[in-house]
Amino acid sequence: MSLFKTVPPNVVQSIRAFRVTELQAEAVRLGQHFLYAYCAEAMTKQQVLSKIAQAFYFPKHFGKNFDALADCLTDLAFKAGPQPGFIIVIEQLPNTQKFDKEAREILLDVFRDSAEFWAEKKVAFRVFYSFQ
């Protein structure tokens, strides 16, 4: 039985009931990309985006801004060829003065917009996140 029995194919949600190892195993079982970023040491938007870029193997010219993140999650991946689906985990997003609630919501909106992009292409794009 699928771990995602009750999880839509294109969603951005808290990791709550899931374990990272289970999500990774499900990605393997489904033949989908598994992308994981651990952001506990990040304090600023630049540091969070840098952690994500490094973990997701974005190009060296990645601009470390939300528009560049959106481009890498959508257009760049789409142009690379057919995609089997994505399971993304972003753990321990910071709660600091330089990465506050507004910055976290903008980041999650980028992932929500990317989920909509991939939904139109009929490609699963599930994102799970946690906060510090």
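Residues numbered from 1 in each chain as written. Predicted model: local features only at pLDDT ≥ 70, side-chain atom pairs only at ≥ 80, totals over all residues. Heavy atoms only, no water.

Take the nonpolar core next. Ile52, Leu69, Leu107 and Phe111 are the most contacted members of the largest nonpolar core, which totals 35 residues. Broken down by secondary-structure element, the contributors of at least two residues to this core are β2 (33–38), α2 (45–55), α3 (66–79), β3 (86–93), α4 (101–120) and β4 (125–131). The residues touching leucine 107, leaving out its near neighbours within four places in the chain, are Val48, Leu49, Ile52, Phe66, Leu69, Leu93 and Phe99. With 10 residues, the next largest nonpolar core counts Phe4, Val7, Leu23 and Ala27 among its residues. (Core = buried A, V, L, I, M, F, W, Y, C linked by side-chain atoms within 4.5 Å. Buried < 20%, exposed > 50% of the residue type's maximum accessible area, 1.4 Å probe, protein only. Helix = DSSP H or I, 4+ residues; strand = E, 2+ residues; numbered from the N terminus. Contact = heavy atoms within 4.5 Å.)

Overall, the coordinates contain 0 disulfides when judged by the stated rule. The cysteine cysteine 39 is free of any disulfide, with cysteine 72 supplying the nearest cysteine sulfur at 15 Å. When its relative accessible area of 11% is taken as the criterion, cysteine 72 is described as buried. (Disulfide = S-S within 2.5 Å.)

An α-helical segment advances 3.6 residues per turn. Residues three or four places apart therefore align on the same side. Between its first and last C-alpha atoms α3 spans 19 Å; for 14 residues at 1.5 Å apiece the expected length is 20 Å, and the two agree. By the largest-angle criterion, cysteine 72 marks the main kink of α3, which is about 40°. Where the residues of α3 are buried, they touch α2, β3, α4 and β4. Measuring from the side-chain oxygen of the N-cap residue of α3 to the backbone nitrogen of aspartate 67 gives 3.1 Å; that N-cap residue is asparagine 65. (Expected span 1.5 Å × (residues − 1). Bend = angle between axes of the 7 residues up to and from the residue. Polar contact = N/O pair within 3.5 Å; in protein donor to acceptor, adjacent residues only side chain to side chain.)

In this section: the sheet that holds β4. A sheet is described by the order of its strands in space; here 4 strands give the open sequence β1-β4-β3-β2, paired in parallel fashion. The open sheet terminates on both sides in strands that have one partner only, identified here as β1 (10–14) and β2. For this sheet, the mean angle separating the axes of adjacent strands, direction not counted, is 10°. Bridge count for β3 against β4 is 6 bridges, and the pairing is parallel. Paired with valine 89 across the strands is phenylalanine 128, a residue of β4. Sheet strands touched by helix α1 (residues 20–30): β2, β3 and β4. Its angle to β3, the strand with the most contacts, is close to 165°. (Pairing = 2+ DSSP bridges. Axes fitted to C-alpha atoms, helices over the stretch in contact; angles between N-to-C directions.)

On their own, these measurements won't tell you what the molecule is for.
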